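Residue-level structure breakdown
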Amino acid sequence: MKPTSDLIIVGAGLIGLSCAIAARERGMDVVLIEAGTVGRQASSASAGGVRSLNRHPAEIPLVRAALPLWATLSARLGRDCGFRASGQVRVAEDEIAMAALEARATRVHDLGHRHERLLSSGELANRVPGIAPHCRGALAVEDDGFADPLATVHALREHARRLGVRLIERTRVVGLDDLGQAVVWNAVGPDGPVTYRARHGVNAAGAWGGSLAEMVGDRVPIRTAALQMSVSAPLAHFLAPVLGSEGRKLSLKQTAGGALVIGGGYEGTVGHEASGAAGGRIDPSLLAENLAAAVSLFPQVASGRIVRTWTGLEGMVVDGLPAIGPSGEHPSLVHAFGFSAHGFALVPLIGTLVTDLIEGRASEHDITPLDPRRFAQAGPDRRSHTDSQAERAA
Amino acid sequence: MSGGVWRSLPRTDGIPVEVVVDGLPVRAYGGETVATLLLRLGHDHFGRHPGTDRPMAPWCLMGSCFGCLCTIDDRPGSQACLVPVSDGLTVRTGASAVAGSPDTPL
Amino acid sequence: MVVGAGPAGLAAAGALAEQGLTVQLIDEQPAPGGQVWRGALDRSGAGRRVHPDQAIRRAAAAAEVLRRPGIAYAGTASVIDARTGLAARSGTDERIEIDWLAAAGPGLRGLRTTTVRALIIATGALERPVLFPGATLPGILSAGALQGAMKQAGLVPDGAGTVLAGQGPLMRLVLAQVLRFGGRVDAVLQLASAPAGKPRAGGLSGLAATLASAAVADPSLVARGAASCMTGHGVRTYRGVRQLRAHGLAAIERLSFDTDDGHHELPCRLLAVHDGILPNVQLTRLLGLAHAWHDDQQAFVPVTGKTGRAAEQPIWVAGDGRGIAGWELAALHGELAGLDAASAICPTSTQPTDQAADRQARRHRLGRRIDRRLPARRLVDRLYPAVPIERNATPDTVVCRCEHVTLAHIDAAIAAGAVGANRVKTFTRCGMGACQGRHCGNALTRIVADRLDVSPTAAGALRIRPPLKPTLISDYLDGACT
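Before going into details, it helps to say that this report is about the structure given with it. (Residues numbered from 1 in each chain as written. Chains lettered and ligands numbered in written order. Predicted model: local features only at pLDDT ≥ 70, side-chain atom pairs only at ≥ 80, totals over all residues. Heavy atoms only, no water.)

Our focus in this paragraph is the interface of chain B and chain C. Contact with chain B, which involves 41 residues of that partner, is made by 52 residues of chain C. Of the roughly 4000 Å² buried where chain B meets chain C, counting both sides, 60% is carbon and sulfur surface. Put simply, chain B and chain C have 1 salt bridge between them. Taking the shortest distance from any N to any O, the salt bridge between R7(B) and D158(C) comes out at 3.2 Å. Our count for the contact surface shared by chain B and chain C stands at 14 residue pairs in polar contact (both at pLDDT 80 or more). Among the secondary structure elements, those contributing two or more residues to the side of chain B that touches chain C are β1 (6–8), α1 (34–40) and β7 (75–79) of chain B. Its residues assigned to classes, the side of chain B that touches chain C shows 17 nonpolar, 16 polar and 8 charged. Where β1(B) and strand β10 (residues 155–157) of chain C come together, 3 bridges link them in antiparallel fashion. Bridging from a neighbouring strand, S8(B) pairs with L155(C) of β10(C). (Contact = heavy atoms within 4.5 Å. Buried area = accessible area lost by both parts, 1.4 Å probe. Salt bridge = Lys/Arg side-chain N within 4 Å of Asp/Glu carboxyl O. Polar contact = N/O pair within 3.5 Å; in protein donor to acceptor, adjacent residues only side chain to side chain. Helix = DSSP H or I, 4+ residues; strand = E, 2+ residues; numbered from the N terminus. Nonpolar A, V, L, I, M, F, W, Y, C, P; charged D, E, K, R; others polar. Pairing = 2+ DSSP bridges.)

The following block contains the structure:
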């Protein structure tokens, strides 16, 4: 058995990396275990939206707190994560959509938030020049933006390595035991079974977080989705903010290099990759639907070329909210998974939230609605899946 | 243009077609591709690399190197070596392989 | 479906149709015939005369299959994506879905999805680039491209400044063809292909043994090869060339290089380079087939059984794509794969016994004919090893043309911890551009293997994702299923 660490984190995606860095910066000895390779799943399939716009009210304060952290993240890590405060704009393409945006604007205002602003069709045309004329208006957040998920993974991984986080890849946790106050992790690595011991544990296992939670008897209803993404060859710059569309699934943005990154929560087929690794397959009719949504907002997108499409497996919790909080069953385990296709924005903050929980510190942020124990009581789920879908696209 | 690098073997037969290259009508023959046509006309490069702005030219002439990209029938980024000439085909060269850059129409 | 209408694909389609199966044959070139018969079928083409009469007859005979009912042929058509393992969903036989773009003609353009019971991949080979400074200048082509321009369009290098540089039998063939049709070649540069200071692997005795078995197996090939070795056609030939460098501003203007005799400079307006050819593995990689590194060909090759079938899948590989072997073997492979696929789809239990026996006998004969030709191919591999990258490449040499990634960028990524080809890709963007590694993939594997001192298998190959080619978004919006 390996010597006892202070902390073992399972899952080396953006969430796990962020937690590892925060814990290490607080002086903990950290082991980060990853079943595949770093950042390979949802982190690679992220659209990279740093979005407080159209967020579930429970997450609004958290994302608003994360935004200033994004602004300084690249400097902190010594490597460009590609963050741009480009703004996020959710367009209404017809009257029904506009009415829905207006209703949302009112609700959010009543909750005391001021970051979302309605735009008339004229204001939208100024804010997003060249947008298709049928667009009625929009809801926008000026200081939202986007970053580069792959660059962020690289930056976090390198920083974690520099700080001395011990990263172990191709090692899958298969069981969890108690040993006094320690968490004992039984895993299978490239050389066979291996056991790790730590005083604390974090479940950042993404789509596999539910299975990991079950090992200790926590129940978080979650399903696996293979989120599809596509990227185009560079086009002359025409789009600054990130666009979504009310009533459709769409995330459309243009990178600094001119490429279009197109997603929005479309789900391919979950399965194994051709190579046998966990993954998913593109659904071509959904890809066409995704691209059609982008073309609807900007017809010239049709002359762009898709250079690559890919999927990453993401965990979708039944109520569309992540499970962040202490385990109900195990004294030393903290959950931080199930970000349901909109975890990217929280990456710079999640490390602090989780290490506060580990150290038993009171957090300045209210994460009660995200408590994993919310599913513990028997009975019907409190929110249907379809309600949460409307608020999910990142 | 480097001019004179290539010479055409005489043609015994051949169905001529008219292709418009950078706004100018040009006679081409069935069996030619846009790439061999442009080489014959003396174009030493067909486009420019989007990142470095360096001139891009064909290397493999069989569809795998992507050096022959130009705008064919208003489709930017077309592989000229895989497009056979046809009557009325339009070709624009010299642009950045970025669609919609200032010297190509969107 | 058969992808590729060269010698292998045409033979495969013919064999399938003959056995009563319907075939969709697609090829991204504008005309069938692959690379070897490029321009051979075009009666009015200026390049047709470049082909010997025998080649024209063979091409015409092979293309006869396109007349057969049951074969639907589409040129200027490219595979974009392919999905396997759909049996569970469809509840019937193993199914493969192929998304492909048909680009011919107005109104006919669009992305199609075709579902088939078997897939034969006959996408042939790609040329291996030579890495040297200035290699991205206009005016530099592969030798295959030079030959292709001649065959397709009757274009011949004219005037001063044409140079051929590389190694391999194609160099001599192209030289002879250019000269025969009145083109001018100023110099031939034989690039040094043994690693500096290292003897040829296997030594002279190994080479002699390979030569002996090749001469026994296919004496005419060996004789032809020997004859072509004899003549330099009166063109100035430099041997043992290294440190090749192309100079010029907007296009190539001159070459510099070293030999044992010293440093040389030549004016140059057209440079054709060659360093052998590699199996085109884009589609086989996309499908997740197993590949093995072949040291003799310095390339990854799909792992297939004797008939070209990939284990456990209704997928066959035929032609140069399953190992560089030339057009005759390609046609044999194609026929064998077609017969094998037909047997797999229509198992013997549902067949009249004599037809099944006949198929079996034919497969056996084809197998023997293939085996007889293999030793000669091994000789070719031994005689013409790939040019070691370090002989000509410098840190500023571009490896990935699409994303402009140099050898120095790759070395920096490896030093920063990129432990394989795909990691280097995510660090540097090498292989993430339009060609998806067709041009740089082989070199990347070899560079990573060399720097990390691991096998090419351990260094890995670029993961290939759909679309196989950059695809217009407008084409995605107009789709159809068949």
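Next comes the rest of the description.
Residues and elements named next belong to chain C. Read across the open sheet, the 5 strands follow the order β3-β2-β1-β7-β20; overall the sheet is parallel. On the outer flanks of this sheet lie β3 (71–74) and β20 (315–317), each paired with one strand and no other. Summarising the sheet, strand β2 (residues 23–26) and β3 pair through 4 bridges and their orientation is parallel. The partner of I26 across the bridge, within β3, is A74. Packed onto the sheet, helix α1 (residues 7–18) meets β1 (2–3), β2, β3 and β7 (119–121) and runs at close to 170 degrees relative to β2. Sheet strands touched by helix α9 (residues 326–345): β7 and β20. Its angle to β20, the strand with the most contacts, is close to 170 degrees. (Axes fitted to C-alpha atoms, helices over the stretch in contact; angles between N-to-C directions.)

For the rest of this paragraph, the subject is empty space enclosed by the protein. All names here are of chain C. The full count for this structure, using the stated rule, is 11 cavities of 30 Å³ or more. Lining the largest cavity we find 19 residues, and of these V281, Q282, G437, G441 and N442 sit closest to its centre. Among the secondary structure elements, those contributing two or more residues to the lining of the largest cavity are β17 (277–279), α8 (282–286), β19 (299–302) and α13 (441–452). Broken down by element, the lining of the largest cavity gets its largest block of residues, 3 residues, from α13. (1 Å grid on protein atoms, 1.4 Å probe; cavity = no way out; pocket = protein on both sides within 12 Å on 5 of 7 lines; lining within 4 Å. Points joined across faces, edges and corners; volume = space filled by probe spheres on them.)

Counting along an α-helix, one turn takes 3.6 residues, and residues three or four places apart therefore face a common direction. With 31 residues, helix α10 (residues 353–383) of chain C should cover 45 Å at 1.5 Å per step; its first-to-last C-alpha distance of 46 Å lies within 8% of that length. If you look at α10(C), its biggest bend is around 30 degrees, right at L374(C), and the proline P375(C) turns up within four residues after that. (Expected span 1.5 Å × (residues − 1). Bend = angle between axes of the 7 residues up to and from the residue.)

Side chains of R365(C), R368(C), R369(C) and R372(C) sit close together on the surface and give a patch of like positive charge. When you line up the elements, R365(C) lands in helix α10. (Patch = residues over 30% accessible without salt bridge, like charges linked within 9 Å, V, L, I, M, F, W, Y side chains within 5 Å. Areas by Shrake-Rupley, 256 points an atom, 1.4 Å probe, with all protein chains shown as cover. Lys, Arg positive; Asp, Glu negative; His and termini not counted. Charge placed at Lys NZ, Arg CZ, Asp CG, Glu CD.)

Once that is clear, we can look at helix α1 (residues 14–25) of chain A. Residue and element names in this part refer to chain A. Look at α1: 17 Å from first C-alpha to last across 12 residues, which is about the 16 Å you get at 1.5 Å a residue. The element α1 is extensively covered by neighbouring structure, given that 10 of its 12 residues are classed as buried. At the C-terminal side of α1, G27 shows a positive phi close to 90 degrees. (Buried < 20%, exposed > 50% of the residue type's maximum accessible area, 1.4 Å probe, protein only.)

On to the nonpolar core. The nonpolar side chains of a soluble globular protein tend to be buried, and buried together. I9(A), V202(A) and I350(A) are the most contacted members of the largest nonpolar core, which has 49 residues in total. At the level of elements, β1 (4–10), α1, β2 (30–33), α2 (60–77), α5 (149–163), β20 (333–337) and α8 (347–358) of chain A are the ones that each hand at least two residues to this core. In contact with I9(A), not counting residues within four places along its chain, are G16(A), C19(A), A20(A), V30(A), V31(A), L32(A), I33(A), V202(A) and A204(A). L39(B), C70(B), L170(C) and L270(C) belong to the second-largest nonpolar core, a separate cluster that totals 46 residues. (Core = buried A, V, L, I, M, F, W, Y, C linked by side-chain atoms within 4.5 Å.)

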